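Descriptive structure summary
Residues per chain, in single letters:
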Amino acid sequence: MMDTSVYPTITKKILCRIAGLIYEIECGYDYTLNKFKDYMIEPKEMILMHGALIEYNGEGFLFTAPSGTGKTTHISLWKKYLGDKVIIVNGDKPELVIRENSVLAYGTPWCGKEGWHVNKSVPLKGICLIQRGSKNKIKQISPGKYIELFIQQLYFDMGSSEVLKVFEIFNKITERVPFFLLECDISEEAAKCSFEKMTGKEWR
């Protein structure tokens, strides 16, 4: 048996990929940490966000809002008028992952009562905060001005030490993805409004 008393005691959790599988390993000694160094991988910077994620033309667009505001209705309009060109990747809680200068959005099994989810990822090209309105209008915004509304759509434990990390990841997302504010009704014009602004393409 190895005499571990000669090695400094540490407490560190690491992620390792071994035989194609990812393990979280708690190291108690520098010796252990050194043994696994060739298998270590960087932990993903990711957050779970309340919203509906759709894919159009290989790109992801996330609509977020407090429950009952109409995000499900809005993505349904995209699907209704654009048909198979639109894939609903997740209807309620997609995962957002930092990738260097971009963000990937993933479908998850946590998908809302409609059950809309696909096990895939898409490059995220826009996040849109929806508010009800009598006229359809959209503008690109600085998310910092609406930070309280966006923070309410993130999932984290306020009593956890991870809170600051969640805020840090969200800030990185704001640096990589454009944010929009959409005021809309439930008409085709509402879908046209968000589509043209977020994709830069002409409706239909």
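Residues numbered from 1 in each chain as written. Predicted model: local features only at pLDDT ≥ 70, side-chain atom pairs only at ≥ 80, totals over all residues. Heavy atoms only, no water.

It is worth spelling out the layout of surface pockets at this point. One number sums up the size of the largest pocket: a volume of about 240 Å³. Lining the largest pocket are Pro43, Lys44, Glu45, Met46, Ile47, Leu48, Glu95, Glu162, Lys165, Val166 and Ile169. For the lining of the largest pocket, the secondary structure elements donating two or more residues are strand S4 (46-48) and helix H4 (163-176). In terms of residue class, the lining of the largest pocket is made up of six nonpolar, no polar and five charged. (1 Å grid on protein atoms, 1.4 Å probe; cavity = no way out; pocket = protein on both sides within 12 Å on 5 of 7 lines; lining within 4 Å. Points joined across faces, edges and corners; volume = space filled by probe spheres on them. Helix = DSSP H or I, 4+ residues; strand = E, 2+ residues; numbered from the N terminus. Nonpolar A, V, L, I, M, F, W, Y, C, P; charged D, E, K, R; others polar.)

Inside soluble globular proteins, nonpolar side chains tend to come together where they are buried. By size, the foremost hydrophobic cluster in this structure holds 25 residues, and its most contacted members are Leu96, Leu124, Ile127, Phe150 and Ile173. Apart from the residues within four sequence positions on either side, Ile127 is in contact with Met49, Leu62, Thr64, Leu96, Phe150, Ile173, Val177, Pro178, Phe179, Phe180 and Met198. Core analysis: the second largest hydrophobic core is formed by 24 residues, Trp78, Leu82, Leu182 and Cys184 among them. (Core = buried A, V, L, I, M, F, W, Y, C linked by side-chain atoms within 4.5 Å. Buried < 20%, exposed > 50% of the residue type's maximum accessible area, 1.4 Å probe, protein only. Contact = heavy atoms within 4.5 Å.)

Relative to the assigned elements, Ile130 resides in strand S10 (residues 121-132). Here Ile130 falls in the buried class, since its relative accessible area comes to 2%. Along the chain, Ile130 and Ile173 lie 43 residues apart, while their C-alpha atoms are 18 Å from each other. Not counting residues within four places of it along the chain, the set of residues in contact with Ile130 comprises Phe63, Thr64, Ala65, Thr69, Gly70, Lys71, His74, Leu182 and Cys184.

Limitation: the analysis is restricted to geometry and does not speak to function.
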